[in-house]
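Coordinate analysis (summary)
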Amino acid sequence: MNPAHEIEGLVLCQAGGFRFAFAAATIASIGAWELSSGEVPLARTAFGLPPVPGKLITDERSALVVDSLEVAAGRYPLLGVPVVLSRTAGGSLAGFVATADGPVPLLKLTEFSAFVSGQGAH
Amino acid sequence: MSRTNTLAGLHRWVTLPSTAGALVGVVLAVMYAAFTVDITPGTEWLFAGVIVAWVLLAVGFGVRAEQSRLSTLAELGKAASPPTVAALQRAVREAARIPDVTFRTNLSLWVFTSAAIGFSYALVPDVPWQSGARVAFIGLLVGPLLSMLVLLMVQRRARVVIEKIAATGLSPQQVVAALPKGRTQLALRFSLFTAVAVATPMMMVADLARLRAIGIVNALDAGVVSPAELLYATRLGGLVQLVVVGGLVLAIVVLCASLAGGSFGSPLKVIADETQRVARGRLGKPKLVPADDEVWAATAALISMELQLVEALSKLRVAGSKIGTTTQELVASSHKHEAGAHEQTGALAQTSATTEELARSARQIADNASDVSALAQAMLDAANGGKQSAGAFYNSILRVRDGNQVVADSVVKLNKRVQQVGRIVEFIDGIADKSDLLALNAELEGTKAGEIGRGFSLVAAEMRRLSESVMSSTREINRLIDEIRDATNAAVMATEAGVKATDSGSALARRVTDSLDHIVEFANRTSDAVKSITLATHQQQNGTDQLAQAMTAILSSTQSGALATKQMSSANADLSALSGELQTTVSRFEVES
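Presented here is a report on the structure given in the accompanying data block. (Residues numbered from 1 in each chain as written. Chains lettered and ligands numbered in written order. Predicted model: local features only at pLDDT ≥ 70, side-chain atom pairs only at ≥ 80, totals over all residues. Heavy atoms only, no water.)

1. Some details on the overall build of chain B
For the record, the criterion: Each helix corresponds to a stretch of at least 4 residues labelled H or I by DSSP, and each strand to a stretch of at least 2 residues labelled E; elements are numbered beginning at the N terminus. Relative accessibility thresholds used throughout: buried, under 20% of the residue-type maximum; exposed, over 50%; partly exposed, between the two (1.4 Å probe, protein chains only). By definition in these notes, contact holds between two residues if any of their heavy atoms fall within 4.5 Å.
A tally of regular secondary structure across chain B gives 12 helices and two strands. The N-to-C order of helical and strand elements in chain B reads α-α-α-α-α-α-α-α-α-α-β-α-α-β. Across the 593 residues that make up chain B, the buried fraction comes to 37%. A fraction of 85% describes how many contacts in chain B between residues 6 or more apart in sequence connect residues 24 or more apart.

2. A short note on a nonpolar patch on the surface
All names here are of chain B. We count it as follows: Only residues whose relative accessible area exceeds 30% and that form no salt bridge enter a patch; like-charged residues are grouped when within 9 Å of one another, and nonpolar side chains (Val, Leu, Ile, Met, Phe, Trp, Tyr) when within 5 Å. Where accessible areas are quoted, they stem from the Shrake-Rupley method and a 1.4 Å probe; at the residue level, only the protein chains shown are allowed to cover. Salt bridges are defined as contacts in which a side-chain nitrogen from Lys or Arg sits within 4 Å of a carboxyl oxygen from Asp or Glu.
Residues Ile 323, Leu 330, Leu 575 and Leu 578 make up a contiguous nonpolar surface patch of about 300 Å² in total accessible area. Counting only elements with at least two residues in the nonpolar patch, the list comes to α11 (293–448) and α12 (454–587). With respect to the helices, strands and loops of the structure, Leu 330 is situated in helix α11. Judged by its relative accessible area of 31%, Leu 330 falls in the partly exposed class.

3. Some details on the sheet that holds strand β1 (residues 6–15) of chain A
The line we're drawing: Should DSSP find at least two bridges between two strands, the strands are taken to pair. Helix axes use the C-alpha atoms of the stretch in contact, all axes being lines fitted to C-alpha atoms, and the angles between their N-to-C directions lie in the range 0 to 180 degrees.
In space, the five strands of this closed barrel follow the order β1-β2-β8-β7-β6 (chain A), with mixed pairing throughout. Across the sheet, the mean angle separating the axes of adjacent strands is 50° when strand polarity is ignored. Two elements, strand β7 (residues 93–99) of chain A and strand β8 (residues 102–107) of chain A, share six bridges in a ladder whose sense is antiparallel. Across the sheet, the residue bridging to A:Thr99 is A:Gly102, located in β8(A). Sheet contacts for α12(B): β1 and β6 (68–79) of chain A; angle to β6(A), the most-contacted strand, approximately 145°.

4. Side note on the interface of chain A and chain B
Our working definition: Each of two parts loses accessible area, computed with a 1.4 Å probe, when they are put together; buried area is these two losses added. The definition of a polar contact used here is a pair of N or O atoms within 3.5 Å, where within protein one atom must be able to donate a hydrogen and the other to accept one, and adjacent residues in sequence count solely through side-chain atom pairs.
Chain A puts 19 residues into the contact, and the matching count from chain B is 13 residues. Taken over both partners, the interface formed by chain A and chain B buries close to 1,200 Å², and the fraction arising from carbon and sulfur atoms is 57%. For B:Asp433, the salt bridge goes to A:Lys55, with nearest N and O atoms at 3.7 Å. Across the chain A-chain B interface, the total number found is four residue pairs in polar contact (both at pLDDT 80 or more). Residue assignment for the side of chain A that touches chain B shows that the elements contributing at least two residues are β1, β3 (29–33) and β6 of chain A. Here the side of chain A that touches chain B takes six residues from β6(A), the largest share from any one element.

5. Description of the packing of helix α6 (residues 85–122) of chain B against helix α7 (residues 129–169) of chain B
Residues and elements named next belong to chain B. Operational definition: Between 65 and 115 degrees an angle is taken as roughly perpendicular, under 35 as roughly parallel, over 145 as roughly antiparallel, and anywhere else as oblique. Here a crossing is called left-handed whenever its near helix is offset anticlockwise from the far helix by less than a right angle, and right-handed whenever the offset is clockwise. For this scheme, ten residues count as nonpolar: Ala, Val, Leu, Ile, Met, Phe, Trp, Tyr, Cys and Pro. Four count as charged, namely Asp, Glu, Lys and Arg, and the remainder, Gly too, count as polar.
It is at 7 Å that the axes of α6 and α7 come closest, and there the two elements cross at 165°. Of the possible angle classes, the one that applies to α6 and α7 is roughly antiparallel. As for the relative orientation of α6 and α7, their crossing is right-handed in sense. A class-by-class count of the residues in the contact of α6 with α7 yields 30 nonpolar, 12 polar and one charged.

6. Things to note about the nonpolar core
This is how the line gets drawn: Residues belong to a common nonpolar core when they are buried Ala, Val, Leu, Ile, Met, Phe, Trp, Tyr or Cys residues joined through side-chain atoms within 4.5 Å.
In this structure, B:Val92, B:Ile165, B:Val175, B:Met204 and B:Trp296 are the most contacted members of the largest nonpolar core, which totals 74 residues. The biggest single contributor to this core is α7(B), with 17 residues. Beyond its immediate chain neighbours, meaning those up to four positions away, B:Val175 contacts B:Val92, B:Ile162, B:Ala166, B:Leu170, B:Leu288 and B:Trp296. Counting residues in each nonpolar core, the second largest holds 23 residues, with A:Ala15, A:Phe20, A:Ile30 and A:Leu69 among its members.

7. What about the pairing of strand β4 (residues 54–58) of chain A?
Residue and element names in this part refer to chain A. Among the five residues in β4, five count as buried, and that is most of the element. Bridge count between β3 and β4: five bridges; the pairing is antiparallel. Paired with Ile 30 across the strands is Ile 57, a residue of β4. In textbook terms, the turn of a hairpin is the stretch between consecutive antiparallel strands, and for β4 and strand β5 (residues 63–66) this stretch comprises four residues.

8. So, empty space enclosed by the protein
Residues and elements named next belong to chain B. So the rule is basically this: Cavity and pocket criteria rest on a 1 Å grid covering protein atoms alone: a 1.4 Å probe that fits but cannot get out defines a cavity, protein on both sides within 12 Å along at least 5 of 7 lines defines an open pocket, and an atom within 4 Å of a point defines a lining residue. Grid points are joined across faces, edges and corners, and a volume is the space filled by probe spheres set on the points.
All chains considered together, the criterion is met by two cavities of 30 Å³ or more. Taken as a whole, the largest cavity holds about 330 Å³ of empty space. Looking at the lining of the largest cavity, the elements with two or more residues in it are α3 (16–36), α4 (44–68), α6 and α7. Here the element with the most residues in the lining of the largest cavity is α4; it accounts for eight residues. Across the lining of the largest cavity, the residue classes tally to 16 nonpolar, eight polar and one charged. Looking at the second largest cavity, its volume works out to about 30 Å³. Together, Ala 95, Ala 96, Pro 99, Gln 155, Ala 158, Arg 159, Ile 162, Ala 291 and Asp 292 line the second largest cavity.

What follows is the structure, encoded as C-alpha cells:
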C-alpha cells in the first residue's frame, strides 16, 4: 500500500446516525456548541435533521457542528474517491478511511462546511 | 144598709112561736082544766087572774131569756154593730142554738109556772089543795108537748134566719165553720118526741078515764041518776071531752109530727137535690141547707165535700192541663231524649271503641317510648363515646398536622439542599465538560503530533474518558437530583396538602367535637325528654286505661239510661194518655163561678 494513501490521526464524527471523519491535522480546535451560541453550519443539516447541541470543530477558515466526536490516533488506510463521486457533497469527500468498525467517509472541513452552509441557504 | 134591713126584727120573729105556743098551751091547759079541775065556785075569776098573771110573767121572762141569747142578731138587726163575718157567724150560732134554748126555757117555765099557778090557786080560801096540785099536774102534762111544738116551730124559723144571715155576707163554708156539727142527738130527739107524743095523750086519756071513773062512782053513791042514765051521760060527756081535748092534743101532735118530718125531710130533699146536682157535675155554688144534728152534719159534709171537690177539680183541671202540657212536652222531650240517648249511645260506643284503641295505642306508645328511652340512653352513651373519640381524633389530627408541618419544613430544607447539590453538580458538570473539551483538544493535538504525541493523546484520551465519566456521573446525579426534586416537590405539595388536610381535618374535628358536644347536650336533653315522655306515656297509658274503663262504664250507664229513657218515653206516653183522660173526666164537671 502506498504510504501516501494512509492518513495520520482522525476525528471521527457523528450527526444523527451517520458517521464521517476529518483528518485530525485539518482540525484546529474542538469546542462546545449550544443552540444559543449563534449560527454555525450543522452537519445534521446535510442529512435533513433538526439542530441539536453538539461539538464545534473549526479550522483556520470554517467551522462545523457535529453531534459528537472522538479523536482516533494512529494511521488509517485511505481509499480513493471514484471520479463520479469527486464532486459529491460540494467536493468535500476526500476518500474513505478503513476503521475497525468499517469504512468511514473522510471529509474536508472547509468544503463540507461550505456545502452545509449552501444547503442551509437552499 | 140592705143587710141590716134584712136582719131587722129577726131576733123577735124567730122566737115568736115561743109566745104563740105558750098561749096555745095555756088555752089547751085551761080547756083541760075546765074539764078536769073542780073550780071552787066564786073563785073562777081569781083563778083566771092567777093564770093570766103567772102566764104573763112567764112569757115576759121567757121572751127576755130568749132574747138575751140573740143579742148579736138583735144588734145586727138594729145595725148597732157592723155585719162582720165574726158577728154574722156569732149570729148564726145564736140562731142555731135558739130552738134548744126556747125548748128548755118553755119546758122550765111550764114546770115553774104550773107549779106557781097551782100553789097560788091553792092558797085561795076554800080551794082544796088537790085543785092546786091538779093545776100543777096539767101544766106538767101539757108543758113538754107545747115545748116540743115551740121547738119545732122555732127550729123552722131559725133555719130561715140562718139563711138570711148567710145571704147577708157569709159563704156556706163560713156558716159551716160557725156551726159545730159534733152534736148528733137525732136519736135522742126522736125518742123524746115519740115519748112526749105518745105519753101526753096517753096520760090525758088515763087522767080523764080516772076522773070519769071517780065521777061515776060518786054519782052512783049519791043515787042521783040511774046507772043507765049515768052511762049514757057519761058516754056523751066523755066523748065531748075526748073529742075536744083529744082533738086538740092530736092536732098538736100531728102538727109536731109534721113539723118534725119537715124538719128532717126538707133538708134531706135539698141535700138530695144538691147531691144530684153534684152528681151531674154542676159544681161551684153549694147551697146552704140549714138543719140540725146529723142532717146538719150531712149538710156540712156535703158543703165541705162540694167545696173541696170544687177546689180539687180546679186544682185537678189546672193540674190536668199542666200535666197534659207537661206530659206532651215530656213525650216530645222523651222522644228527643230517646233519640239523643240513642245517638249518644252510638257515639259513646264509637268513643269507647276509639278509647280502647287509644288505650292500645297508648300502651304501644308507652312500650315504644321505653324503647326510645333505651335508644336515647344508648345514643347518649354513643355520643359521649363519640365525643371522647372526636377529642382524641382532634388531638391526633393536631399531632399529625404538627408532624406534617415538620415534614414539610424538612422537605423544603431538603429541596433547598438538593438544589444546592444540583448547582454543585452543574458546576462539576461544566468543569467536566470543559475538561472533556480540553482533553479532546489535547488528544487532537497529540494525534496531530504523531508518534511523539501518542503518549499525550493517550493521557488526553484517558482524561477525556474521565471527564466523560464525570459528566456521565453528573448526568446521573442530575437525573437523581431531578427525581429528588420532583419527589421533594411532590412531598412538599403532599405535605402542604397534608397540612391543609390536617388543618381542615382539625377544623372538621373541632366542628365534629363541637357538634358532638351539641349532640351530647341534645342527647342529654333528648334522654331527659324521652324519660319525661316515657313517664308521661306511662301516665297516659294509665289514664287511657282508666278512661277506657270509665268509657265502658259510661257506655253501660248510657245504655241503661237509654233503656230507662225508652221506658220513660213509654211511661210519658201513658201519662199523656192518662192526662187526656183526666182532662176529659174533669171537663165533665161544670164549676159555676
